[in-house]
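Descriptive analysis of the structure
What follows is each chain in one-letter form.
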Amino acid sequence: MPPDLVVVGHAPPDVTAGVPRPGGAAYYAALAALRLGVRVGLLTSFGDDFPADAIPSDILVAKVDSPRTTTFELAGTGSSRTLTLGAPAADLEADDLPPDWSTAPLAILAPVINEVDPVLAESLGAACIGVLPQGWMRRREGG
């Protein structure tokens, strides 16, 4: 059975009290929808170091294999804060969407570091699509 809501984006771990847990807009949107009783599918990418067991088992996960998990380093305070990309996981493209997920009536595209190909929206058919665009506004620097 396909999900009612497809959420697309990386879920970079947040480290709280020394424990890594999934984070990012895609993860939090999926978790909020799950708590509201929605059947959720999360299309994401991460490496072996990702705490996958921290994602609730009620969230369907379509994982794109990656040698790395997206990580960030936050430094500074206030207006002098900087967010540095440590490593990106694999990008998410239209071919990564499970075929039966294209019939979901709802979708949220929630990139954190420009990893979601906007063309993926076309694969979602007649879905009502929400976009959390912050990650499309960030740029990757360096190699």
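Fair warning: this is a prediction, and the values are worked out from it, not measured in the lab.

With that out of the way, let us pick up the side chain of Ser-45. Mapped onto the elements of the fold, Ser-45 is located in strand 4 (residues 40-46). Within the local environment of Ser-45, its side chain forms a polar contact with the backbone oxygen of Val-64, the two atoms lying 2.8 Å apart. In contact with Ser-45, other than residues within four places in its own chain, are His-10, Val-64, Asp-65, Ser-66, Ala-89, Ala-90 and Leu-92.

Taken together, 5 strands build an open sheet; the order of strands is 5-4-1-8-9 and the sheet is parallel. Edge strands, defined here as strands with exactly one partner in the open sheet, are strand 5 (60-65) and strand 9 (128-131). Across this sheet, the average inter-strand angle for adjacent strands is 15 degrees, counted without regard to direction. As defined by bridge partners, strand 1 (residues 5-8) adjoins strand 4 across 4 bridges and the pair is classed as parallel.

All right, on to the packing of aromatic side chains then. Here a ring pair, both rings aromatic, is described through the centre-centre distance and the interplanar angle of the planes. Taken as a whole, this structure holds 2 aromatic pairs when the rule is applied. Between Tyr-27 and Tyr-28, the aromatic rings sit 5.4 Å apart at their centres with planes inclined by 65 degrees, giving edge-to-face as the arrangement. The class of Tyr-27 is buried, set by a relative accessible area of 6%. The partly exposed category is assigned to Tyr-28, whose relative accessible area is 42%. Between Phe-46 and Phe-50, the aromatic rings sit 4.1 Å apart at their centres with planes inclined by 25 degrees, giving stacked as the arrangement. For the pair Phe-46 and Phe-50, a shared accessibility class is recorded, and that class is buried. Sitting over the face of the ring of Phe-46, Lys-63 holds its NZ or CZ atom 5.0 Å from the ring centroid.

Next up on the list: the nonpolar core. Generally speaking, a soluble globular protein has its nonpolar side chains buried in company with each other. Membership of the largest hydrophobic core comes to 18 residues, with the highest contact counts inside it found for Leu-5, Val-7, Val-40, Leu-42, Ile-55, Ile-59 and Ile-108. Elements with a minimum of two residues in this core: strand 1, helix 1 (24-35) and strand 4. Considering each element in turn, this core owes the most residues, 7 residues, to helix 1. In terms of nonpolar packing, the next biggest core, distinct from the first, is built from 15 residues, Leu-43, Trp-101, Leu-120 and Leu-124 among them.

It is worth spelling out helix 1 at this point. Three or four residues apart is the spacing at which side chains of an α-helix point the same way, because the helix has 3.6 residues per turn. Along its 12 residues, helix 1 runs 17 Å from first to last C-alpha, staying within 8% of the 16 Å computed at 1.5 Å per residue. Turning to helix 1, its buried residues number three or more, namely Gly-24, Ala-26, Tyr-27, Ala-29, Ala-30, Leu-31, Ala-33 and Leu-34. Residues of helix 1 that are buried make contact with strand 1, strand 2 (14-16), strand 4 and strand 8 (106-109). Residue Gly-37 follows helix 1 closely and has a positive phi angle near 90 degrees.

Our next topic: the environment of Arg-21. Tracing the backbone shows Arg-21 in strand 3 (residues 19-21). For the pair Arg-21 and Phe-50, spaced 29 residues apart in sequence, the C-alpha separation works out to 8.3 Å. Dropping the residues within four chain positions of it, Arg-21 is found in contact with Pro-12, Pro-13, Asp-14, Pro-51 and Ala-54.

Moving on to the side chain of Thr-69. Inspection of the secondary structure assignment puts Thr-69 in the loop between strand 5 and strand 6 (71-75). A polar atom in the side chain of Thr-69 sits 2.8 Å from the backbone nitrogen of Gly-47. With residues near it in sequence (within four places) discarded, Thr-69 still touches Pro-13, Phe-46, Gly-47, Asp-49, Phe-50, Ala-87 and Ala-89.

About the thresholds
- Residues numbered from 1 in each chain as written.
- Predicted model: local features only at pLDDT ≥ 70, side-chain atom pairs only at ≥ 80, totals over all residues.
- Heavy atoms only, no water.
- Helix = DSSP H or I, 4+ residues; strand = E, 2+ residues; numbered from the N terminus.
- Polar contact = N/O pair within 3.5 Å; in protein donor to acceptor, adjacent residues only side chain to side chain.
- Contact = heavy atoms within 4.5 Å.
- Pairing = 2+ DSSP bridges.
- Axes fitted to C-alpha atoms, helices over the stretch in contact; angles between N-to-C directions.
- Phe/Tyr/Trp six-rings, centres within 6.5 Å; stacked < 30°, edge-to-face > 60°.
- Buried < 20%, exposed > 50% of the residue type's maximum accessible area, 1.4 Å probe, protein only.
- Lys NZ or Arg CZ within 6 Å of the ring centre and 35° of its normal.
- Core = buried A, V, L, I, M, F, W, Y, C linked by side-chain atoms within 4.5 Å.
- Expected span 1.5 Å × (residues − 1).

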